[in-house]
Structures are given as C-alpha cells and as structure tokens.
Amino acid sequence: MTAEQETPTVGGAPGRPARPAGYWERIDRLVSQAPPLTDDQRAKLRTIFHQANVNKEAA
C-alpha cells in the first residue's frame with residue numbers, strides 16, 4: 001500500500017477526492033490568502049495549459 005492509501009481520510013465534498021482530515025480546509029485557507037493573479041499571469045497559465053493539450057494530442 002502507498003502512504004496515501006494508509007492515510008485516514010474523511011469523506012470529501014462532491015468533486016473532491018477524500019484526503020486527510022483538514023486537507024481541503026487548509027487549501028481553501030491558503031487560496032483565500034493568496035493575492036489575485038495578474039492578467040499577465042493568467043495569459044501565461046492559459047498558454048501553458050493549451051500547450052499541454054497540444055503535446056498530448058501529438059503523442
């Protein structure tokens with residue numbers, strides 16, 4: 001078994017896999033503290049994700 005399989009989990013919210021207790025609360029707290037993305041950062045992320053799809057299709 002992997003460590004993830006041995007970790008006690010609690011039921012996740014719909015659309016979220018089960019994780020150790022407090023996992024998603026911690027993620028939500030960190031995300032709410034982060035500054036918003038700039039337009040330049042959003043454009044770079046769109047480019048990165050679009051390229052990943054093109055590379056998968058070519059393989």
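Here the residue numbering is sequential within each chain, running from 1 through the sequence in written order. Per-residue local features of the predicted model are confined to residues with pLDDT of at least 70, and side-chain atom pairs are confined, for both listing and counting, to 80 or more; whole-chain, interface and lining totals are unaffected and use all residues. Side-chain descriptors were evaluated using all non-hydrogen atoms of the structure, hydrogens and water having been removed beforehand.

**Some points on the packing of aromatic side chains**
(1) Moving on: Each pair of aromatic rings taken from Phe, Tyr and Trp, with Trp reduced to its six-membered ring, is defined by centres within 6.5 Å and is described as stacked if the planes are under 30 degrees apart, edge-to-face if over 60, and tilted in the remaining cases. Here the structure, examined in full by the defined rule, presents 1 aromatic pair.
(2) Moving on: In this scheme, the term charge over a ring applies when either NZ of a lysine or CZ of an arginine sits within 6 Å of the ring centre and within 35 degrees of the ring normal. Directly above the aromatic system of Tyr23 lies the positively charged group of Arg19, at a separation of 5.3 Å from the ring centroid.

**Some points on the confidence of the model for the chain**
(1) Moving on: pLDDT is a per-residue confidence score from the predictor, ranging from 0 to 100. The predicted model of the chain averages 76 in pLDDT, with 61% of residues at 70 or higher.
(2) Moving on: Highest mean pLDDT in the chain belongs to helix H2 (residues 23-33) (92); lowest belongs to helix H1 (residues 3-6) (44). Here a helix means four or more residues in a row that DSSP labels H or I, a strand means two or more in a row labelled E, and each is numbered from the N terminus.

**Examining the pattern of salt bridges**
(1) Moving on: What counts as a salt bridge is simple: a side-chain nitrogen of Lys or Arg found within 4 Å of a carboxyl oxygen of Asp or Glu. Tallied over the entire structure, the rule returns 2 salt bridges.
(2) Moving on: We note a salt bridge from Arg42 to Asp39, for which the minimum N-O separation is 3.0 Å. Of this pair, Arg42 and Asp39 both sit in helix H3 (residues 39-58), 3 residues apart, roughly one helical turn.
(3) Moving on: Only protein chains enter the calculation, and the probe is 1.4 Å; a residue is then buried if its accessible area is under 20% of its type maximum, exposed if over 50%, and partly exposed in between. Judged by its relative accessible area of 61%, Asp39 falls in the exposed class.
(4) Moving on: Two residues, Asp40 and Lys44, come together in a salt bridge whose shortest N-O distance is 3.4 Å. One end of the pair, Asp40, and the other, Lys44, are both in helix H3, 4 residues apart, so they sit about a helical turn from each other.
(5) Moving on: Taking relative accessible area as the criterion, Asp40 reaches 45% and is therefore assigned partly exposed.

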